[in-house]
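Here is what each chain is made of, one letter per residue.
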Amino acid sequence: DAKTTQPPSMDCAEGRAANLPCNHSTISGNEYVYWYRQIHSQGPQYIIHGLKNNETNEMASLIITEDRKSSTLILPHATLRDTAVYYCIVRSWSGYSTLTFGKGTMLLVSP
Amino acid sequence: DVKVTQSSRYLVKRTGEKVFLECVQDMDHENMFWYRQDPGLGLRLIYFSYDVKMKEKGDIPEGYSVSREKKERFSLILESASTNQTSMYLCASSLTENTEAFFGQGTRLTVV
């Protein structure tokens, strides 16, 4: 599976958009980009995923560059409850599926 | 809602004990995973399974084994617990490679 690179931490003001970047320059054609988050003392929670098109759901938007080497997770109106570690993962299928986490980005949303 | 249930939230065991961590999912998922999470190291994959009785080593399988006798249940076994296996253990399941994985709440294991 391709590896990902994320900034270790980011800050965001409550009510503003949080844009979390992820670099996955070695991604291959059959690998999906997934985003999860983990609020303190809980299990990770799925946010969104995509292959090459931009995606949006009720939680967030995912923007994937045309060359697929990077992506951005957008939380349009961050709240204090969005404070969490955000993980960007690329996931492939090669007879079986793995899910490898990096160290993620600690997003701190402040009042 | 999909539910992934881990048998214990907190567990304290003695060095040398055999420890079983149980995980059950209720959505007929093919894939199941065991991770451990340690401060500064993130989530590290121990073992995963893509079918009943099938298992694959993850990044840190040493000191662990797994069992998947039924589709819904994936057990992590510490044959002889050691203090360096004190950690948060997380179980997850997913249907396929292009569907999301669901995580349990975790088991915080302390080996003394």
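Here's a quick rundown of the structure.

Analysis parameters
- Residues numbered from 1 in each chain as written.
- Chains lettered and ligands numbered in written order.
- Predicted model: local features only at pLDDT ≥ 70, side-chain atom pairs only at ≥ 80, totals over all residues.
- Heavy atoms only, no water.
- Helix = DSSP H or I, 4+ residues; strand = E, 2+ residues; numbered from the N terminus.
- Buried < 20%, exposed > 50% of the residue type's maximum accessible area, 1.4 Å probe, protein only.
- Contact = heavy atoms within 4.5 Å.
- Pairing = 2+ DSSP bridges.
- Axes fitted to C-alpha atoms, helices over the stretch in contact; angles between N-to-C directions.
- 1 Å grid on protein atoms, 1.4 Å probe; cavity = no way out; pocket = protein on both sides within 12 Å on 5 of 7 lines; lining within 4 Å.
- Points joined across faces, edges and corners; volume = space filled by probe spheres on them.
- Nonpolar A, V, L, I, M, F, W, Y, C, P; charged D, E, K, R; others polar.
- Lys, Arg positive; Asp, Glu negative; His and termini not counted.
- Salt bridge = Lys/Arg side-chain N within 4 Å of Asp/Glu carboxyl O.
- Polar contact = N/O pair within 3.5 Å; in protein donor to acceptor, adjacent residues only side chain to side chain.
- Core = buried A, V, L, I, M, F, W, Y, C linked by side-chain atoms within 4.5 Å.

## Some thoughts on the overall build of chain A
Turning to step 1, where the next piece is worked out: Scanning chain A for helices and strands turns up zero helices and nine strands.
Turning to step 2, where the next piece is worked out: In chain A, the succession of helices and strands from N to C terminus is β-β-β-β-β-β-β-β-β.
Turning to step 3, where the next piece is worked out: Taking the principal axes of its C-alpha atoms as reference, chain A extends roughly 45 × 30 × 25 Å.
Turning to step 4, where the next piece is worked out: For chain A, with 111 residues in total, the buried portion stands at 45%.
Turning to step 5, where the next piece is worked out: Excluding contacts between residues fewer than 6 apart, the proportion of contacts in chain A whose partners are at least 24 apart in sequence is 56%.

## Observations regarding the sheet that holds strand β7 (residues 65-70) of chain B
All names here are of chain B.
Turning to step 1, where the next piece is worked out: Read from one edge of the open sheet, four strands run β1-β3-β8-β7, paired in antiparallel fashion. Across the chains shown, the open sheet's two edge strands, defined by having one partner strand only, are β1 (4-6) and β7. Sheet twist, expressed as the average angle between the axes of neighbouring strands with direction ignored, equals 20 degrees.
Turning to step 2, where the next piece is worked out: Two strands pair when backbone bridges link them, and β7 and strand β8 (residues 73-78) are joined in this way by four bridges, in the antiparallel orientation. Its bridge partner being in β8, lysine 70 is matched across the sheet by arginine 73.

## Here we look at the layout of surface pockets
Sizing a probe to match a water molecule and rolling it over the atoms shows the empty space that remains.
Turning to step 1, where the next piece is worked out: By volume, the largest pocket amounts to about 450 Å³.
Turning to step 2, where the next piece is worked out: Forming the boundary of the largest pocket are 20 residues, of which A:Gln38, A:His40, A:Val85, A:Tyr87 and B:Gln37 lie nearest the centre.
Turning to step 3, where the next piece is worked out: Of all elements in the fold, only β8 (84-91) of chain A together with β4 (31-38) and β9 (87-94) of chain B reach the threshold of two or more residues within the lining of the largest pocket.
Turning to step 4, where the next piece is worked out: By residue number, the principal contributor to the lining of the largest pocket is β8(A), which donates three residues.
Turning to step 5, where the next piece is worked out: Across the lining of the largest pocket, the residue classes tally to nine nonpolar, eight polar and three charged.
Turning to step 6, where the next piece is worked out: The computed volume of the second largest pocket comes to approximately 250 Å³.
Turning to step 7, where the next piece is worked out: Taken together, twelve residues make up the lining of the second largest pocket; nearest its centre are A:Pro44, A:Gln45, A:Tyr46, B:Phe102 and B:Phe103.

## What to know about the side chain of B:Arg68
Residues and elements named next belong to chain B.
Turning to step 1, where the next piece is worked out: Secondary-structure assignment places arginine 68 in strand β7.
Turning to step 2, where the next piece is worked out: Although buried, arginine 68 forms no salt bridge, and the nearest oppositely charged side chain, aspartate 51, lies 6.0 Å from it.
Turning to step 3, where the next piece is worked out: Looking at arginine 68, its side chain comes within polar contact range of the main-chain oxygen of histidine 29, at 3.1 Å.
Turning to step 4, where the next piece is worked out: Beyond its immediate sequence surroundings of up to four residues, arginine 68 is in contact with Gln25, His29, Glu30, Asn31, Met32, Ser49, Tyr50, Asp51, Val52, Lys53, Arg73 and Phe74.

## Description of the nonpolar core
All names here are of chain A.
Turning to step 1, where the next piece is worked out: If you look at the biggest cluster of nonpolar residues, it comprises 21 residues, and the most contacted ones within it are Trp35, Leu73, Tyr86 and Leu107.
Turning to step 2, where the next piece is worked out: The set of elements that each furnish at least two residues to this core consists of β2 (18-23), β3 (32-38), β4 (45-50), β6 (61-64), β7 (70-75), β8 and β9 (105-110).
Turning to step 3, where the next piece is worked out: Here this core takes four residues from β8, the largest share from any one element.
Turning to step 4, where the next piece is worked out: Each residue touching tyrosine 86, except ones within four places of it in the same chain, is listed here: Gln6, Leu20, Trp35, Tyr36, Arg37, Ile47, Leu73, Leu75, Gly104, Thr105 and Leu107.

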